[in-house]
Amino acid sequence: MREAQRLQAIKSGLIPDPSKPMRLDQATDFEGTCVDMCPEWEREEREYQNNVDPLERYPGTTRIDPSRAVKAFHRPAAGNDQPLPSDVRPPPVLHRTLDYLFHTLLPTLPLATTHPFLRDRTRSVRQDFTVQNVRGASAIECNERIARYHILAVGALREQSGFSESQELEQLRKGASLPPSSLSLLRRRVSR
């Protein structure tokens, strides 16, 4: 089914055909179409591989709850297929995902319990913005929220065993690596 979906996306011009060379000026903008916090394909794959975080399960089971599942960060690797539009969340879904992470999940459990999950899932949010080359107000607002979370984590967890302040600061820096035009807008918002 995935291969048919990939071929249809190529035929529709949503993703480039990897077998045909293309000039940069012919490139199309990539737009995600996933309406869930975690794409259906990933939910199925992670459940099959028994790779479901306890925070995403139906209580008392090993089954993934689609309403609690959040797309995991996947390190890009050479030779991997380009993501399908159905694998990538558009900005409104990324915003809703952060609302869930920070307003629903974070207040319910101790920060030390949720931190590894939130750290990974916020990386995935940033990754989806990057894949779509979204750098406007929506990306800035979401990156600000993620940066505030990393600042909170450094302050609250720095004394915890196993917590890596350097890794947290690295994620904070990566979240702040916006283009100059975005950084100037961010500075104006911070100075208010």
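Cut-offs used in this document
Residues numbered from 1 in each chain as written. Predicted model: local features only at pLDDT ≥ 70, side-chain atom pairs only at ≥ 80, totals over all residues. Heavy atoms only, no water. Core = buried A, V, L, I, M, F, W, Y, C linked by side-chain atoms within 4.5 Å. Buried < 20%, exposed > 50% of the residue type's maximum accessible area, 1.4 Å probe, protein only. Helix = DSSP H or I, 4+ residues; strand = E, 2+ residues; numbered from the N terminus. Disulfide = S-S within 2.5 Å. Arc of directions from axis to C-beta. Contact = heavy atoms within 4.5 Å.

Quick word on the nonpolar core
Counting residues in each nonpolar core, the largest one holds 23 residues, and the members touching the most others are L98, L101, F102, L105, F117 and L118. Elements supplying a minimum of two residues to this core: helix 3 (91–105), helix 4 (111–131) and helix 5 (137–157). In terms of residues, this core owes the most to one element, helix 5, which gives seven residues.

A few points about the state of the cysteines
Tallied over the entire structure, the rule returns zero disulfides. Between C34, a cysteine without a disulfide, and C38, which holds the nearest cysteine sulfur, the sulfur-to-sulfur distance is 7.3 Å. Note on C38: relative accessible area 1%, which makes it buried.

Quick notes on helix 2 (residues 40–48)
Count 3.6 residues to each turn of an α-helix, and residues three or four apart come out pointing the same way. Taken together, the buried positions of helix 2 are occupied by E42, R43 and R46. Buried residues in helix 2, looked at end-on, bunch into an arc of 100°, giving them a common side. Exposed and oriented more than 90 degrees from the buried face of helix 2 are E40, E44 and Y48. Summarising the contacts, the buried residues of helix 2 are in contact with helix 4. One or two positions beyond helix 2, positive phi appears at N50, with a value near 55°.

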